[in-house]
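What the coordinates show
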Amino acid sequence: MSTAQGTPVLEVDKLEKTFRLGFFGKRVYALRGVSFRVEQGDVFGLLGPNGAGKTTTLKTVLGLIRPTSGAVRLFGEPAGTPQARRKLGYMPENPYIYQYLKPMEFLDLCGRLLGMSTSDRKMRSTRILERVGLSHALDRPIGKFSKGMMQRAGLAQALLHDPELLILDEPMSGLDPIGRKEVRDILTEERKRGKTLIITSHILTDIELLCDHVAIVNDGKLTASGALNELLKPEVRRVEIELTGVSEALRAIVQPAAVEIKEIGANLRIVVQGEQEAQRVVREAVSHDAQIVSVTPHRETLEDLFVRNAMAAHQEA
């Protein structure tokens, strides 16, 4: 059953979670009033430093822990109900898989737990293992898998029953660059099929390539949420200019303006702050008969946004 039109796939509303720790039951706040929505077909990134509350949020969404206050709804249903769980696939950060099982045996077990028929289990398992790049290891016990292969097996079980919502906790962990590219391609294919994805990752370049929307959690509080292209500052922050044939006179003029300056063979690479300063350096270079090899503007990245939010949260604390 698909999500009703206008109903978000996930709605987190003023979510709070506290734990009691130690002999005296000291109260620790894991989440403080977190709210966000994930619409159908979105690829949503949930970001934050270690201990910020990402995993607690995911476990609450999955119905593995109960919120202290607030509400979580999946497909319009309360989180944790059988109706909601049937529509989602989950890949934990560190998948625990029975070590003695082979990939087909593991997926057959998962399929049986999901109530899939024998023919569906066999057909889907074969297809999914090929998609995640494990068809060469069908006769190998999972206990002999590398970290990257274990991640692929975890992704395979999340995809097995063709869920409407995929929740992936650090799906790129342990993968080499080729493996990351292959997993990104799989997730892009799922998005094209109309699936909704929620991803946490410390590899921010992957999030920037995949996600439409992000939410950043710091110290249990939501510090930023929205469309990625709206959260990132559009203006040019720094400009990298590479010149050749630089005279001593030109060097003396541009050096005070440079944030960074570096010799690269016969060339001089200058990094300046802002577009206006870059235009001035280029004009000076032309008037001093230097050749312009390249001019590269650098706009704010997701990493810049992440660091900016982390610093702001630290200052508030």
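Fair warning: this is a prediction, and the values are worked out from it, not measured in the lab.

For the protein chain, the count of helices and strands is 11 helices and 14 strands. Considering the protein chain as a whole, with its 317 residues, one finds that 43% of them fall into the buried category. For the protein chain, restricting intrachain contacts to residue pairs at least 6 apart in sequence, the fraction spanning at least 24 positions comes to 69%. As displayed, the protein chain has an accessible area near 16700 Å², and 50% of this comes from carbon and sulfur atoms.

A word on helix 1 (residues 54-61). Most of helix 1 sits inside the fold, with six of its eight residues counted as buried. Residues K54, T56, T57, L58, T60 and V61 constitute the buried set of helix 1. Backbone geometry just after helix 1 places G63 at a positive phi near 80°.

Moving on to the packing of aromatic side chains. This model, assessed by the stated rule, comprises three aromatic pairs. With centroids separated by 5.2 Å and ring planes inclined at 15°, the aromatic side chains of F36 and F44 adopt a geometry described as stacked. Measuring from ring centre to ring centre gives 6.4 Å for Y96 and Y98, while their planes differ by 75°; the resulting arrangement is edge-to-face. Y96 gets classed as exposed once you look at its relative accessible area, which sits at 67%. The ring of F19 has K17 sitting right over it, with the charged end atom 5.2 Å from the ring centre.

Let us now look at the pattern of salt bridges. Summed over the entire model, instances satisfying the criterion amount to 19 salt bridges. In this structure, K195 and D162 form a salt bridge, with 3.3 Å as the shortest nitrogen-oxygen distance. Here D162 lies in the loop between helix 5 (147-159) and strand 7 (165-169) and K195 lies in the loop between helix 6 (177-192) and strand 8 (196-200), a separation of 33 residues in the sequence. Taking the relative accessible area as the measure of exposure, K195 reaches 11% and is therefore buried. One salt-bridge network, held together by shared partners, links R131, D162, E189, E190, R193 and K195.

Nonpolar side chains in soluble globular proteins generally cluster together in the buried interior. Judged by nonpolar contacts, the single largest core of 45 residues is most densely connected at L47, V132, L155, L168, L187 and I199. Here this core gets seven residues from one element, more than from any other, and that element is helix 5. Excluding its chain neighbours within four sequence positions, the residues that come into contact with L168 are M91, L155, L187, L197, I198, I199 and T200. Listed in part, the 24 residues of the second largest apolar core include L15, L31, L46 and V217.

The rules behind the values
Counting from 1, residues in each chain are numbered in the order their sequence is written. Under the rules for a predicted model, residues below a pLDDT of 70 receive no local features and side-chain atom pairs below 80 are neither given nor counted, while totals for whole chains, interfaces and linings still include all residues. Hydrogen atoms and water are omitted, and side-chain values are computed over all heavy atoms in the structure. Numbering goes from the N terminus for both helices and strands, where a helix is a DSSP run of H or I of at least four residues and a strand is a run of E of at least two. Only protein chains enter the area calculation, which uses a 1.4 Å probe; residues under 20% of their type maximum are buried, those over 50% are exposed, and those in between are partly exposed. Note on contacts: a residue pair is in contact if any heavy atoms of the two residues lie within 4.5 Å. Surface exposure here means Shrake-Rupley accessible area, sampled with a 1.4 Å probe, where a residue is shielded only by the protein chains that are shown. Here a pair means two rings of Phe, Tyr or Trp (six-membered ring of Trp) with centres within 6.5 Å. Their orientation is stacked below 30 degrees between planes, edge-to-face above 60, and tilted elsewhere. Whether a charge lies above a ring is judged from NZ of Lys or CZ of Arg, which has to be within 6 Å of the ring centre and within 35 degrees of the ring normal. We define a salt bridge as a side-chain nitrogen of Lys or Arg found within 4 Å of a carboxyl oxygen belonging to Asp or Glu. Residues grouped as a nonpolar core are buried Ala, Val, Leu, Ile, Met, Phe, Trp, Tyr and Cys residues, joined through side-chain atoms within 4.5 Å.

So yeah, pure geometry; function would need other evidence.
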